[in-house]
Amino acid sequence: MPTDVIMPQMGESIFEGTITKWLKKPGDKVQRDEPLFEISTDKVDAEIPAPASGILKEIVVSEGNTVQVNTIVGTISGDGESSAAAKSAAPATTAPALATSQKKDTAPAPAPMPAPSPAPAQEEAHDEDVRSSPLVRKIAREHNVDLAQVSGSGLGGRITKQDIMAFIEKGPTSAPPRIAPVAQADGTPQTARPEISTPAPRPSPMPAAIPGDAVPMSQMRKIIAQRMIESRRTSAHVHAMFEVDLTRIVNLRNKLKNSFEQRNGARLTFMPFFVRAAIIALQQFPIVNASLEGDNIRYHRHVNAGIAVALDWGLIVPVLKNADELNFLGLQRGITDLGERARNKKLMPTDVEGSTFTITNPGQFGAVFGLPIINQPNSAIMGVGGITKQPMVITDKDGNDSIAIRSVVHLTLGYDHRLIDGAVADQFMALVKKTLENWSEDVG
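Bear in mind the structure is a predicted one, so any value in this text is a computation, not a measurement. (Residues numbered from 1 in each chain as written. Predicted model: local features only at pLDDT ≥ 70, side-chain atom pairs only at ≥ 80, totals over all residues. Heavy atoms only, no water.)

**Comments concerning the packing of aromatic side chains**
Then step 1. Scanning all chains against the criterion turns up five aromatic pairs.
Then step 2. Between the aromatic rings of F328 and W439, the centroid separation amounts to 6.0 Å while the plane-to-plane angle is 70°, which identifies the pairing as edge-to-face. Here the residue F328 occupies a position in helix α8 (residues 328-343), and W439 occupies one in the segment after α9 (422-437), the gap between them amounting to 111 residues. W439 shares its class with F328; the two are buried.
Then step 3. Three or more aromatic residues link up through ring pairs in this structure, and these residues are F273, F328 and W439.
Then step 4. Here R253 stacks its cationic end above the ring of F270, 4.7 Å away from the centre of that ring.
Then step 5. When the ring centre of W313 is taken as origin, the NZ or CZ atom of K345, which lies over that ring, is 4.6 Å away. (Phe/Tyr/Trp six-rings, centres within 6.5 Å; stacked < 30°, edge-to-face > 60°. Helix = DSSP H or I, 4+ residues; strand = E, 2+ residues; numbered from the N terminus. Buried < 20%, exposed > 50% of the residue type's maximum accessible area, 1.4 Å probe, protein only. Lys NZ or Arg CZ within 6 Å of the ring centre and 35° of its normal.)

What follows is the structure, given as structure tokens:
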């Protein structure tokens, strides 16, 4: 009997996924648990394994289409079925009832955007009655959209993320001016001028054609773009930069990196030093590890460290949960594991949720420092610049100055000024600097 290949549910809050790539074509042999296709969701990009061994008989949902979870996207024939029949099967075009194309010209025509309602609680209850995901309802609340006005293109009329975003991008439609009838001298009606006269807009000059290829944004690129703009609009961004003498740590790493890898089976990198120093400072200044929830401040009990990972196809921030309970070796192993799984598309949605503080490392590509955007709902993000050798003035215990070549790094703290004052941010970074320059912990 054929085995259905379905769109998996990658988390409780995820109701749809986009097929970005089929790794097999109809007629190819597949082994159970072998990567079969790649998907992109609101949380992660992931490889989906084959549910059974056999031959890929049919591709029901082609690349670039978005479908609800548990939708059949392909079929695998049993080992005993004819491979010739499977090879003759061509990829099918997705049926409208199953998938939503990402192209804007296929999006449903949106209705006019309603004015904000003074009763948000009633709106939320009303939105619950409309077939939609929690993500869609969240976007609707943020943009004051009545979901009853949005046409759903998903299975059973469900409103997808593409539907709500297309509705918001179209914007409110203004009604035509009302015409008031007036009477002429002989009593016959005539049409008066509109009560509100709006001059016709002048047509904008067409921009000159620019040579090049127009390539659709990937699902991950769209999500990154949306979240960066949302963060800028949400938080009052301020940045503070500190210069740190990292010579002690550079020398320590050079001395121990070979024995560390032989003993622990993991490379010794600089990242756990920065994470550990940040944890010490976060425990001293818990407001930097907090989140703003309306008029309340949420103080988190643990440090869930988001570690930004640069990928060939985008950026993702997996989270090292309860990092404050890990020793140095545990930090290094956790960071390595998250990075490898991110690059191999093995992360689950829970791996990218719940961060309380984020660290990003633009210095690995040669940047002196960066001004990172806060990873919502965090209140702060620390950027690590490149480590370079520089001349510095060194003062000994007797107050004598000398010039020496030192390994220097520039650390930047991006913080939300609504929650964190400049003095607190500077004190936080001063403690990070002190911990790194006077490193004394055992690295394992």
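**Some points on empty space enclosed by the protein**
With a probe scaled to a water molecule rolled over the atoms, the places where space remains empty come into view.
Then step 1. This structure, assessed with the given rule, holds four cavities of 30 Å³ or more.
Then step 2. Space inside the second largest cavity adds up to approximately 50 Å³.
Then step 3. For the lining of the second largest cavity, the secondary structure elements donating two or more residues are β2 (16-22) and α4 (161-170).
Then step 4. Counting residues per element, the lining of the second largest cavity draws most heavily on β2, which supplies three residues. (1 Å grid on protein atoms, 1.4 Å probe; cavity = no way out; pocket = protein on both sides within 12 Å on 5 of 7 lines; lining within 4 Å. Points joined across faces, edges and corners; volume = space filled by probe spheres on them.)

**Comments concerning the pairing of strand β5 (residues 45-49)**
Then step 1. Bridge count for strand β4 (residues 35-40) against β5 is five bridges, and the pairing is antiparallel. From the neighbouring strand, F37 faces β5, where its bridge partner is I48. (Pairing = 2+ DSSP bridges.)

**Describing a nonpolar patch on the surface**
Then step 1. On the surface, a cluster of nonpolar side chains totalling about 380 Å² of accessible area is made up of M241, V368, F369 and L371.
Then step 2. Within the fold, L371 resides in the loop between β19 (357-360) and β20 (380-384). (Patch = residues over 30% accessible without salt bridge, like charges linked within 9 Å, V, L, I, M, F, W, Y side chains within 5 Å. Areas by Shrake-Rupley, 256 points an atom, 1.4 Å probe, with all protein chains shown as cover. Salt bridge = Lys/Arg side-chain N within 4 Å of Asp/Glu carboxyl O.)

**Re the side chain of T41**
Then step 1. Considering the arrangement of structural elements, one finds T41 in the loop between β4 and β5.
Then step 2. T41 sits in the buried class, given a relative accessible area of 4%.
Then step 3. The residues contacting T41, other than those within four sequence positions of it, are M10, I14, E16, G17 and I223. (Contact = heavy atoms within 4.5 Å.)

**Considerations on the sheet that holds strand β3 (residues 29-30)**
Then step 1. The four strands are arranged β1-β8-β6-β3 in an open sheet whose pairing can be described as antiparallel. Of all the strands in the sheet, just β1 (3-6) and β3 have a single pairing partner and so form its edges.
Then step 2. Note: β3 against strand β6 (residues 54-59), two bridges, orientation antiparallel. Bridge pairing in β6 places K29 opposite I55.

**Focus: the nonpolar core**
Then step 1. Core analysis: the biggest nonpolar cluster contains 58 residues, and F357, M382, L411, F428 and L436 have the highest contact counts within it.
Then step 2. Of all the elements, helix α7 (residues 271-284) adds the most residues to this core, at nine residues. (Core = buried A, V, L, I, M, F, W, Y, C linked by side-chain atoms within 4.5 Å.)

**Description of the confidence of the model for the protein**
Detailed conclusions should not be drawn from predicted coordinates in areas where pLDDT is low.
Then step 1. Chain-level pLDDT for the protein is 82 on average; 78% of the residues reach the 70-or-more range.
Then step 2. In this model, residues 82-117 is a region of pLDDT below 50 whose contacts with residues beyond four sequence positions or in other chains number 72 contacts.
Then step 3. Every residue in residues 119-125 scores below 50 in pLDDT, and together they form three contacts with partners more than four places removed in sequence or on other chains. (pLDDT = per-residue confidence, 0-100.)

**Focus: unusual backbone geometry**
Then step 1. Cis geometry is found at the peptide bond from Q376 to P377, where omega equals 5°.
Then step 2. Following the sequence through the fold, P377 ends up in the loop between β19 and β20.
Then step 3. The backbone of N144 shows a phi angle near 55°, a positive value even though the residue is not glycine.
Then step 4. Structurally, N144 is set in the loop between α3 (134-142) and α4.
Then step 5. Unusually for a residue other than glycine, N322 sits at a positive phi of about 50°.
Then step 6. With respect to the helices and strands, N322 occurs in the loop between β18 (319-320) and α8.
Then step 7. The exposure class assigned to N322 is partly exposed, which follows from its relative accessible area of 31%.

**Some words on the pattern of salt bridges**
Then step 1. Tallying each qualifying case throughout the model produces eleven salt bridges.
Then step 2. Linking D28 and K25 is a salt bridge whose minimum nitrogen-to-oxygen distance equals 3.5 Å.
Then step 3. For D28, a relative accessible area of 21% corresponds to the partly exposed category.
Then step 4. A relative accessible area of 53% places K25 in the exposed class.
Then step 5. For the salt bridge of K346 with E47, the shortest nitrogen-to-oxygen distance reads 3.4 Å. Remark: E47 occurs in strand β5 and K346 occurs in the loop between α8 and β19; sequence separation between them is 299 residues.
Then step 6. Residue classification places K346 among the partly exposed positions, given a relative accessible area of 43%.

**As for the packing of α7 against α8**
Then step 1. Two numbers describe how α7 lies on α8: the axes approach to 9 Å, and their chain directions differ by 120°. As far as their axial angle goes, α8 and α7 are oblique. Pair α7 / α8 crosses with right-handed handedness. Seen from α7, the contacting residues are M271, P272, F273, V275, R276 and I279; seen from α8, they are F328, L331, Q332 and I335.
Then step 2. Grouping the amino acids of the contact of α7 with α8 by side-chain chemistry returns eight nonpolar, one polar and one charged. (Axes fitted to C-alpha atoms, helices over the stretch in contact; angles between N-to-C directions. Parallel < 35°, antiparallel > 145°, perpendicular 65-115°, else oblique. Left-handed = near helix turned anticlockwise from the far one by under 90°. Nonpolar A, V, L, I, M, F, W, Y, C, P; charged D, E, K, R; others polar.)

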